[in-house]
Amino acid sequence: MDRNKSNNQPNKGGQSRSFNKQNQSKVLSSTLSTSRGQAVRAQKRSQADAQRIANQYMAAESKPMRANFIDDSPRLKVIALGGMDGGGSKNMILVEYMDDAVIMDCGNDLGVDLPGINYAIADTAYLEQIKNKLKAYIITHGHLDHIGGLPHIVPKYPAPIYGSKFSIGRVEEIFENFGLPMPEGFELRTVTMNENTHERLKVGQFFVELVRITHSIPGSTCIVLDTPIGRLINTGDFRLDPNPLDHERSDVERLQELGNEGVLALLSESTTTEREGRTPSESTIEQSFIDIMKNAPGRIFIGLFSTNMNRVQMIVNAAVHNNKKVAMDGRSMVSTLEMAVRHGFVKIPKGTFVPIASSNALKDEQLVVICTGSQGEPSSALQRMSNGEHKHIKLKEQDTVVLSSTPIPYSGNDSDIRVMVDDLLKKGVHVFRHSTHELDGIGPLHVSGHASRDEYADMINYTKPKFFVPIYGDFTSKKYHMDLAIEQGIPRANMLNAENGQIIALTKDKMEIIGEVPSGTVLVDQTGSIVNNVVVKDRVLLSEEGLVAVVLTIDKKTGNLLTSPDIISRGFIYMRDNEEIMNGLRTELKRAVSQRFKRVDLDRFKAELKDHVTHYLFEQTGRSPIVIPVVNVISGGGGSKQNNNDKKQQGPEKVESKTAEQIAAEQQKRFQEMRTRLLAQDPRVD
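Residues numbered from 1 in each chain as written. Predicted model: local features only at pLDDT ≥ 70, side-chain atom pairs only at ≥ 80, totals over all residues. Heavy atoms only, no water.

### Considerations on the packing of helix α9 (residues 286–295) against helix α10 (residues 309–321)
Axis separation between α9 and α10 bottoms out at 9 Å; the angle between their running directions is 40°. Relative to α10, α9 is oriented oblique. In terms of crossing hand, the pair formed by α9 and α10 is right-handed. Contact with α9, carried on its side by Glu286, Phe289, Ile290 and Met293, involves Arg311, Met314, Ile315, Asn317, Ala318, Ala319 and His321 of α10 and no other residues of that element. By residue class, the composition of the contact of α9 with α10 is seven nonpolar, two polar and two charged. (Axes fitted to C-alpha atoms, helices over the stretch in contact; angles between N-to-C directions. Helix = DSSP H or I, 4+ residues; strand = E, 2+ residues; numbered from the N terminus. Parallel < 35°, antiparallel > 145°, perpendicular 65-115°, else oblique. Left-handed = near helix turned anticlockwise from the far one by under 90°. Contact = heavy atoms within 4.5 Å. Nonpolar A, V, L, I, M, F, W, Y, C, P; charged D, E, K, R; others polar.)

### Let's talk about the sheet that holds strand β16 (residues 367–371)
Pairing is parallel in the open sheet, where five strands are placed in the order β15-β16-β14-β17-β18. The two strands at the open ends of the sheet, each matched to only one other strand, are β15 (325–329) and β18 (430–433). Neighbour-to-neighbour, the strand axes of the sheet open up by a mean angle of 20°, direction not taken into account. Across four bridges, strand β17 (residues 400–403) lies against β18 in parallel orientation. Note that in β18 the partner of Val401 across the bridge is Val431. (Pairing = 2+ DSSP bridges.)

### Thoughts on the confidence of the model for the chain
Interpretation of this model should avoid reading the predicted coordinates in detail wherever pLDDT is low. Summing up the model confidence of the chain, the mean pLDDT is 84 and the portion of residues at 70 or higher is 81%. Across residues 1–27, where pLDDT falls below 50, the model places 21 contacts with residues more than four positions away in sequence or in other chains. Across residues 64–68, confidence stays below pLDDT 50; counting only partners more than four residues off in sequence or on other chains, it has four contacts. (pLDDT = per-residue confidence, 0-100.)

### Description of the side chain of Ser335
Its location among the elements puts Ser335 in helix α11 (residues 331–342). By relative accessible area, Ser335 is classed as buried at 18%. For Ser335, the side chain forms a polar contact with the side chain of Asn177, separated by 3.3 Å. Here Ser335 is in contact with Glu173 and Asn177, once residues within four sequence places are set aside. (Buried < 20%, exposed > 50% of the residue type's maximum accessible area, 1.4 Å probe, protein only. Polar contact = N/O pair within 3.5 Å; in protein donor to acceptor, adjacent residues only side chain to side chain.)

The following block contains the structure:
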């Protein structure tokens, strides 16, 4: 009988298919005490929660559609594709004028806490519309939140990359170490600029200049962009260190000259605008390392950011002063150090460094190890040492560990650091942290790479901008920056707290937001591949609720189950501890097959089965896992017909024919063997 046809016909009582549809849940759910609506609502809540988490990192095409924006007027447009939220990450600002455009910084976000996600980059959907205008990428400095997006974005929208010598070295380094192949024909083009000579290079209708600024990485610069409308200055990340270790002070004189000449708009980073006073100089912590190395009884391990080459130089100097050898561990740190030494940014006296693999040959009091892991990163060198998984180093009592950093703002890694410190202390290791340096009786161990309020105020006063736009920070930090700018005499009407995607239009006399372009976040996994938002939602659901798959094998002719239902659970419940629930589910599945399989088409049956399993599991556990129904329909009669055809084709040769029952028995035997192999793979499967 045609099941589809029978379901479209009125029944004896004159009721149509719609009546059956309305009552199907009552038929299947007659033994359940909770309503189907409760289960559905619980599942929708779980899905909504997962979607809300995934939506924090939504791609541009997933966002609500906006009207197309077309503006051909001769206004300067400044558009942040990233960096205007989340504490300043995936920083990326587009400047567009008529037929020319440049991008200032192109970073990633390493603070994404989602299953299987390594980092995020800015969505570049808008660049697809203007890719013929793009003339350059201009980099303020070499931290990944300012350059980490380049290997993904530049090959799609090629243009030369401009930056200081160290910044370009970092750019070339991340392209060399990028895990995915570049498109055929792509060639990385870089332009190294001298920030000390104030050289100006023409890029389309713009002129670019870099101005030296101090930060926690060498080669940091402000970008000065002269446009037909006026001058823009992007500060990049900065502090105004009066006594940096490399003696490369901020070029305050040039900033003041530019301010006196006239600055249309200042785009100033806003990471730490809530911190009063001034950020201490890097030189204030040098004595602390000398003292620790002088007094520590055993080996010394110092964890710091992999790009902080000035700090590395400071530690090397202290080690040489105390007649110690230095080993280094952490792939990213070693790679950056090699580049820094090659370009002359770090000076290593001959014989100072030893390979980490040979470090055990030294006496304990002779060794200093510089390594990654100050943020408690799971795969970092220091983390592996703390949990005993490091290949060459086994920590022991009387070793000393120094964490020369503080938790990255907005990253939420405080708990990771705390767990690592616990593990270190359990081993009897001496641990020194900047946050407890006074309790520990030592000097400071870290200074921030970012300005404090007095320095942010200085930047405004040096450059004297007509308009002010706080960048590279969340809404709150940018709001505090605007309040500070008002104290420095900038009218509130001349500043904006813009969001990603908003178009800031500038003329010589006016600044306003005139629309939006597509913006969002693209997620990247450990291999460097892009991960769709829908996949992330499913991963969140799996991590929160788990998965249940039910496998049914049904005889097509009779509509009966050929085997007991198979149930596979992952991340939901441990089935061997919940046999009563599983046996009850099998009973419900058998009843569903007997009541509904012959009465509806297969797709409809699987949909009803999914709803019913969800309902049952919610009643039993109060949870709504992802449910995947698998229905194998086996025909017992098809094989006999095929054998008869084969017999006719083969002529008089005698062919042994099999009955439908024999074929069905063979199929069932093969299925049972496959099932046995499957279920033997994992003890979590019942």
